[in-house]
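# Commentary on secondary and tertiary structure
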Amino acid sequence: MRETTKMYVGGSKTKIVRGEYTIKSDGNHSMWVTKGNIIVTAEKQITQQGENTGVSHGNYVPPEEIYTTHPKVEKVEFLDENNKILNENTKDFFYGQKLKIKVLTSNAKGQSIYVDLQGKTKSTNQKFDILNTKRFSWNGLVTHEETFETPLFVLNPNWYSDDFEEYDYALHETKINEEDLNEFFAKIILDAKNVFLPPTGNRLKPITYKRNYEELIGLFKIDNSGSKDLLTNYENLYIDKYADENEDIKDIVDDFSEWLCEDHTEASIEEINAKVSESAGKLWDYAVLQHQDHSMKLTTTNNKTGVKKEEIKGRKAILDDRPLYWARIAMQVILKRQYVFIKEIKALSQKDQEDFFKKSIIPKSSKLWKTIVLFEEKSRNYTGIDFSKAGNKKKILITGFDPFILNEFEKSGNIKQSNPSGVIAEVLANNNELGAYIQTMVVPVRYSDFDGSQDHDKGQGKGIIEKYITPHILNVDMIITVSQYLPNENVIDMFSTSRRGGFNDNMDFMREPGTQALTTAYEWLQTTLPKAFEKVEGIKFNWKYNNIDNEPNTFPNENDILTEGSGGDYLSNEIFYRVAKIRRENKPLLKTGHFHVEMLQNSGEDLVKIKITNLVNLVKNGLVEAIKNL
């Protein structure tokens, strides 16, 4: 959940106090303090005295638990746009779905009535950002039918209580208890008397898309307690991490959240797709800019004179792929919670609905799937590869990976983990200073993206590598896939296997060990990358296969089954194999292969600037030597 960046002003006067208490008296006078606000109402004069013993107060009771009856207000109902009553239907109403409040009165015809939407949460840091604004306050006259209805409105998806979601590792499902859902009710003022309805038990408890395994990890609190929090979590930490030095990624995420959840709640899918294309493209562009030294034009205003001044300010490169990774996660969660998509999914097959609402998997038959694909294409630069500016220079395509093994509370991971291969991809994007023109993309650590299957233990087909790499095979001079390896090991893998291991990916998915990743006639394929990489001290070729350290020039037989390639049997091996297969079938002499770069962070350790800087320079030096030999 993101806090809005907007500032809202107006409303009643309040005094900030410590503690919480309620004054309750006979007549129509009430006073309560909650969340730092003192609220006082009375028909006539308010007088408080404490000359002798002062004013004493008992235990705090929220006003909505006290003022539950009113002589003229009989009932408050929530209705959907089809006038269906929602008060007791708390399991099938969604954030972003249109609703209205209906007040039923007696002996109040023609009287003025005021209605304010109220929210209640168990979350420490839940902020109903725009609740106390005119958008959720209404007034008018009670009709001759003794009713008052508000216009239709929607609830901000950012008001959902993510922090109470829990992942079921056995069922691969995210769950939330109904008692942990945020609830909504109304404050009614009639005849200067307050009442809060519906009462507890009949209040509206909206639901929405539940985060999948990968998305849920980011909500862990930064105090490493293992609990979750809406605001002080790792997802927000890395989105906001460099806001003072390079605020662009934070601004893109916040703008995206405001646009979808506040300012354009009735946007069509076409309008959303246009926003996705713009914002996801900017996300990649600014992530690339962040990884390079650059200058920014800043405009400052003199507070005394009002005179504006423009200046050019230099910014040093920030080598950290985590802001891009976590921004992508946050923005996609926001997308998946837009009711325009949820409404369409509710009309799909029962399996598709169960996939979405129970397993947090996007049905491929849905329009949301196409929007998510568009977001991935733009934010990972899948469709942004462009060699038109290469001129006479060699053309090189490089891929990196997302951070992975992040769940340190259940999977012994490191939630602070960066992936140096992602940093390298973002540093080298559009580079033309190493003797070639380089284009890059960053791919996910997810089996489903590689093989096109969203099952947890199946999948032997084609996916993003075939879709987005194949079109460039005939147009490039070298393809290098890069991923994270062992500490202090920077190696060019010699052999890739078509076989997989059984390790969990970023979705907690696992594939059947020993199965082939795709239908193929080749049990293993080898690299064609230039041996010149080894001219750089610290880089060597890795001749290992089947977990055996072989001497150089030790090759497996043509039909040998390799249970592990040089770099193991995980997705780094798989991307190596898939690219090699495309190369063998389309352009056999093309230089392709996999560069495994060293792991820079130990368990619980953060990213160290000097380490990633040295690694980037090592990779650049290796590329210079390899490019000379193309």
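Rules behind the numbers
- Residues numbered from 1 in each chain as written.
- Predicted model: local features only at pLDDT ≥ 70, side-chain atom pairs only at ≥ 80, totals over all residues.
- Heavy atoms only, no water.
- Axes fitted to C-alpha atoms, helices over the stretch in contact; angles between N-to-C directions.
- Helix = DSSP H or I, 4+ residues; strand = E, 2+ residues; numbered from the N terminus.
- Parallel < 35°, antiparallel > 145°, perpendicular 65-115°, else oblique.
- Left-handed = near helix turned anticlockwise from the far one by under 90°.
- Contact = heavy atoms within 4.5 Å.
- Nonpolar A, V, L, I, M, F, W, Y, C, P; charged D, E, K, R; others polar.
- Buried < 20%, exposed > 50% of the residue type's maximum accessible area, 1.4 Å probe, protein only.
- Pairing = 2+ DSSP bridges.
- Expected span 1.5 Å × (residues − 1).
- pLDDT = per-residue confidence, 0-100.
- Phe/Tyr/Trp six-rings, centres within 6.5 Å; stacked < 30°, edge-to-face > 60°.

## A short note on the packing of helix H5 (residues 269-290) against helix H9 (residues 367-379)
Any two packed helices are characterised by how steeply their axes cross, that is the angle between the axes, and by the distance between the axes. Direction vectors running N to C along H5 and H9 enclose 20 degrees, while the axes themselves pass 7 Å from each other. By the criterion of interaxial angle, the relationship of H5 to H9 is roughly parallel. Between H5 and H9 the crossing geometry is right-handed. Only Lys-367, Thr-371, Leu-374, Phe-375, Lys-378 and Ser-379 of H9 make contact with H5, whose side of the interface consists of Ile-269, Asn-273, Val-276, Ser-277, Ala-280, Gly-281, Leu-283 and Trp-284. A class-by-class count of the residues in the contact of H5 with H9 yields seven nonpolar, five polar and two charged.

## Remarks on unusual backbone geometry
Here the amide bond leading from Leu-197 into Pro-198 is cis, since omega sits at -5 degrees, within 30 degrees of zero. With respect to the helices, strands and loops of the structure, Pro-198 is situated in the loop between strand S12 (193-197) and helix H2 (213-217). The phi dihedral of Asn-224 is positive, around 60 degrees, even though this residue is not glycine. By secondary structure assignment, the location of Asn-224 is in the loop between H2 and helix H3 (234-240). Look at Asn-224 and you get partly exposed, because its relative accessible area is 34%.

## So, the sheet that holds strand S22 (residues 591-597)
With mixed pairing, six strands are arranged side by side in an open sheet as S16-S15-S17-S22-S18-S21. At either margin of the open sheet sits one strand with a lone partner, and together these are strand S16 (436-443) and strand S21 (540-542). Averaged over neighbouring strand pairs, the angle between their axes works out to 30 degrees when direction is ignored. Looking at chain direction, strand S15 (residues 394-401) and S16 are connected through eight bridges and run parallel. Bridged to Thr-399 within S16 is Met-441. Across the sheet, helix H13 (residues 571-586) is in contact with S15, S16, strand S17 (478-484), strand S18 (491-493) and S22; its angle to S22 comes to roughly 170 degrees.

## Comments concerning H9
Along its 13 residues, H9 runs 18 Å from first to last C-alpha, staying within 8% of the 18 Å computed at 1.5 Å per residue. Listed in full, the buried residues belonging to H9 are Leu-368, Thr-371, Ile-372, Leu-374, Phe-375, Glu-376, Glu-377 and Ser-379. Those residues of H9 hidden inside the fold are in contact with H5, helix H6 (322-336), helix H7 (339-345), helix H8 (350-357), helix H11 (447-451) and helix H12 (464-469). Of the residues flanking the end of H9, it is Asn-381, one or two places downstream, whose phi is positive at about 70 degrees.

## Quick look at the confidence of the model for the protein chain
Across the protein chain, pLDDT averages 90, with 90% of residues at or above 70. Taken as a whole, residues 4-19 scores under 50 in pLDDT and shows 24 contacts with residues more than four places along the chain or in a different chain.

## Observations regarding the packing of aromatic side chains
By the definition in use, this model includes 32 aromatic pairs. Aromatic side chains Tyr-95 and Tyr-160 sit 6.1 Å apart centroid to centroid with 70 degrees between the ring planes, which places their arrangement in the edge-to-face category. Of this pair, Tyr-95 sits in the loop between strand S4 (73-80) and strand S5 (99-105) while Tyr-160 sits in the loop between strand S8 (147-149) and strand S9 (166-168); the two residues are 65 residues apart in sequence, bridging distant segments of the chain. For the residue pair Tyr-95 and Tyr-160, the accessibility class agrees, reading buried in each case. Taking the centre distance of 5.2 Å and the plane angle of 35 degrees together, the rings of Tyr-209 and Phe-356 count as tilted.

## Here we look at the sheet that holds strand S11 (residues 183-190)
In sheet architecture, strand pairing relies on hydrogen bonds along the backbone and comes in two forms, parallel and antiparallel. Read from one edge of the open sheet, four strands run S7-S6-S11-S12, paired in antiparallel fashion. Looking at which strands have only one partner, the edges of the open sheet turn out to be strand S7 (137-141) and S12. Across the sheet, the mean angle separating the axes of adjacent strands is 25 degrees when strand polarity is ignored. Sheet topology places strand S6 (residues 112-120) next to S11; eight bridges connect them, and they run antiparallel.

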